[in-house]
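Inside the fold
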Amino acid sequence: MKTPTLTTIERVTLGEIAVRDRLRPVSEAAVESLVASITELGVMKDAIHIRKRKDGKLVLIAGGHRLEAAKRLGWSDIPAKVWTDVTDDWARLMEVDDNIAGAELNPLDTAVFLAERKAIFERLHPESKQGISGALARWDATDTMSIASFTRATAEKFAMSERHVRRLALVGRNLGADAIRLRGAKQQVTLKDLTEISKIGEVSERHAVIEALVEGSAKSAGEARRAFKAREAGVEPVFKDPVEEAYRALIALWVRAPKAAKRRFADELALELDGLLSDAEEKATAA
């Protein structure tokens, strides 16, 4: 197999660059931040990476957000590093490492990228399946795509142990295609949610839990699982209203508090309480 070669660093016409099969969609916030930075500085700090296929077509390897920012700025071309003799696995590894190194990834994207990198590493190094320690020992420590340095860098970036990083890769592998559906969740899916979902083996339960997160009918995978099991058992699930729970807790404290404490509480929060009462009166009048 030939070694990938960096042929040129040049400006490439935007219309010539194909974008295919990306691991994650571009983030609107990240693109807007890039546009603002480029507008302020007048330059794009880092070039994108593209591969030149044998048929002459140019395909994006890394830099999806930079490419989108250039389009929104109305550029006709963009600084690019052009590579030849690139395999699909090599290109995917560069995409993964570029995102891990430079992007603020949420737990879902982190799990997806780690799982993809682990899968590619095992394809390139079948012996790694015999044991991660042996594979790490055989991997060249100077290689920029070293799984060892990758694991350490990721662990430091997300304040996790290396063991935790490997667990995330396992979660990402177990999620599979469900990761795409989870990107549509009403609120950001947590690592705890991902771990919970990855352990669900029953297809109908996993589908129901993911749908509950996407629709926003459950705030966590654990809550969605409890609701599913209750429905399966013919029991109507009971959800606790956080506002109601907080209200009951405040009332309980107020009832137990001595009069001197109540008076001090009222004196110190008089302005805030007055504002809340005014808001309530306005709402009542508007109704």
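Residues numbered from 1 in each chain as written. Predicted model: local features only at pLDDT ≥ 70, side-chain atom pairs only at ≥ 80, totals over all residues. Heavy atoms only, no water.

1. Looking at the side chain of Asp 109
Under the convention used in this document: Secondary structure elements are taken from DSSP: a helix is a run of H or I of four residues or more, a strand is a run of E of two residues or more, and numbering for both begins at the N terminus. Under the scheme applied here, a residue whose accessible area is under 20% of the maximum for its type counts as buried, over 50% as exposed, and between as partly exposed, the area being computed with a 1.4 Å probe on protein chains only. Working rule for contacts: check all heavy atoms of both residues, and any pair within 4.5 Å makes them a contact.
Here Asp 109 shows up in helix H4 (residues 107-124). Taking the relative accessible area as the measure of exposure, Asp 109 reaches 7% and is therefore buried. Non-local contacts of Asp 109, meaning those with residues more than four positions away in its chain, are made with Arg 24 and Arg 183.

2. Here we look at helix H3 (residues 88-102)
Here is the rule: Working rule for helices: expected span equals 1.5 Å times residues minus one.
The terminal C-alpha atoms of H3, which comprises 15 residues, lie 21 Å apart, in line with the 21 Å expected from a rise of 1.5 Å per residue. Buried residues of H3: Trp 90, Ala 91, Arg 92, Leu 93, Met 94, Glu 95, Val 96, Asp 97, Asn 99 and Ile 100, and no others.

3. Digging into the pattern of salt bridges
Worth spelling out the cut-off: A pair is scored as a salt bridge if a Lys or Arg side-chain nitrogen falls within 4 Å of a carboxyl oxygen belonging to Asp or Glu.
Applying the stated rule across the entire model yields 20 salt bridges. A salt bridge links Asp 21 to Arg 92; the shortest N-O distance between them is 2.8 Å. Note that Asp 21 is positioned in the loop between strand S2 (17-18) and helix H1 (28-41) and Arg 92 in helix H3, a separation of 71 residues in sequence. You can call Arg 92 buried: its relative accessible area is 13%. Close ionic contact of Asp 109 with Arg 183 constitutes a salt bridge, the shortest N to O distance being 2.7 Å.

4. What about the environment of Gln 187?
For clarity, the threshold we go by: The term polar contact refers here to a pair of N or O atoms within 3.5 Å; inside protein, the definition further demands a hydrogen-donor-capable atom paired with an acceptor-capable atom, and it admits residues adjacent in sequence only when both atoms are side-chain atoms.
Inspection of the secondary structure puts Gln 187 in the loop between helix H8 (178-182) and helix H9 (191-198). Sequence separation between Gln 187 and Ser 220 is 33 residues, and the spatial gap between their C-alpha atoms is 9.4 Å. Within the structure, Gln 187 has its side chain in polar contact with the backbone oxygen of Lys 219 (distance 2.9 Å).

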